[in-house]
Amino acid sequence: MKYSIREMYAHEYPLLADFLYEAIFQRDDNNLLPRAIIEEPSLHAYIENFGRMKDDYCLCAEVNKIIAGAVWVRNINGFGSIGDDIPEFSISLYKKYRGYGIGTELMKQMLRLLKSKGYKKASLAVQKDNYALHMYQKAGFKIIDETMEEFIMEYLF
């Protein structure tokens, strides 16, 4: 599949609501969580006023002029937060674009961007049974902690 990666434009940031919902690992396609779940404060923090904090960066993947996925980081007290000044990853692709290496390329390009900005670490949280765990490990993230449901992962530049 032919795609390109670019910075997401500020006027496209409202799409992050869709990608946040898509980023929620849902084990049962026949019993999906309601979309309103992204309004819960612990989740909404990942997109609220995106672009206004100094550590807000977002890249997106385009396929045939359609934004197919996004990776964004911000420094918040989120599920995968491991300290001040360490941006936390969120990544999501619409289902029909998964399995083509787009997510891996989004991760790689965001890691390059963060390194160029002088960051020393990045983090994320992933459910233990989420298929994306292997992609994060291949990208260089290491498990440093865990909860009952999730692994907390760190990337060292």
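Residues numbered from 1 in each chain as written. Predicted model: local features only at pLDDT ≥ 70, side-chain atom pairs only at ≥ 80, totals over all residues. Heavy atoms only, no water.

> Whenever I open this one, the pattern of salt bridges confuses me. Can you help?
Counted according to the given criterion, the structure contains ten salt bridges. Of the charged contacts in the structure, one is a salt bridge between Arg-27 and Glu-149, with a shortest N-O distance of 3.7 Å. Taken as a pair, Arg-27 in the loop between helix H1 (16-23) and helix H2 (41-44) and Glu-149 in the loop between strand S6 (142-146) and strand S7 (150-156) lie far apart in primary sequence, 122 residues in all. We classify Arg-27 as exposed; its relative accessible area is 51%. On the accessibility criterion, Glu-149 (48% relative accessible area) is partly exposed. For Glu-154, the salt bridge identified is with Lys-121, shortest N-O distance 3.5 Å. In this pair, Glu-154 sits in strand S7 while Lys-121 sits in strand S5 (residues 121-127), placing the two residues 33 residues apart along the sequence. (Salt bridge = Lys/Arg side-chain N within 4 Å of Asp/Glu carboxyl O. Helix = DSSP H or I, 4+ residues; strand = E, 2+ residues; numbered from the N terminus. Buried < 20%, exposed > 50% of the residue type's maximum accessible area, 1.4 Å probe, protein only.)

> I keep staring at the packing of aromatic side chains and nothing clicks. Help me out?
Two numbers describe a pair of aromatic rings. These are the distance of the centres and the angle of the planes. Counted according to the given criterion, the structure contains nine aromatic pairs. Consider the rings of Tyr-13 and Phe-50, whose centres lie 5.0 Å apart with planes at 85°: the pair is edge-to-face. With a gap of 37 residues between them, Tyr-13 in the loop between strand S1 (4-7) and H1 and Phe-50 in the loop between H2 and strand S2 (57-63) connect regions that are remote in the sequence. Accessibility expressed as a relative area gives 8% for Phe-50, which makes it buried. Ring geometry for Phe-25 and Tyr-131: centres 6.2 Å apart, planes at 65°, overall edge-to-face. Taken together, the residues span a long stretch of sequence, with Phe-25 in the loop between H1 and H2 and Tyr-131 in the loop between S5 and helix H4 (133-139) at a distance of 106 residues. Look at Phe-25 and you get buried, because its relative accessible area is 17%. Note on Tyr-131: relative accessible area 53%, which makes it exposed. Taken together, the aromatic side chains of Phe-89, Tyr-136, Phe-141, Tyr-155 and Phe-157 make up a single cluster linked through ring pairs. Just above the ring of Phe-151 sits the side chain of Lys-128; from NZ or CZ to the centre is 5.4 Å. (Phe/Tyr/Trp six-rings, centres within 6.5 Å; stacked < 30°, edge-to-face > 60°. Lys NZ or Arg CZ within 6 Å of the ring centre and 35° of its normal.)

Honestly, that's just the spatial picture; any functional story needs more than this.
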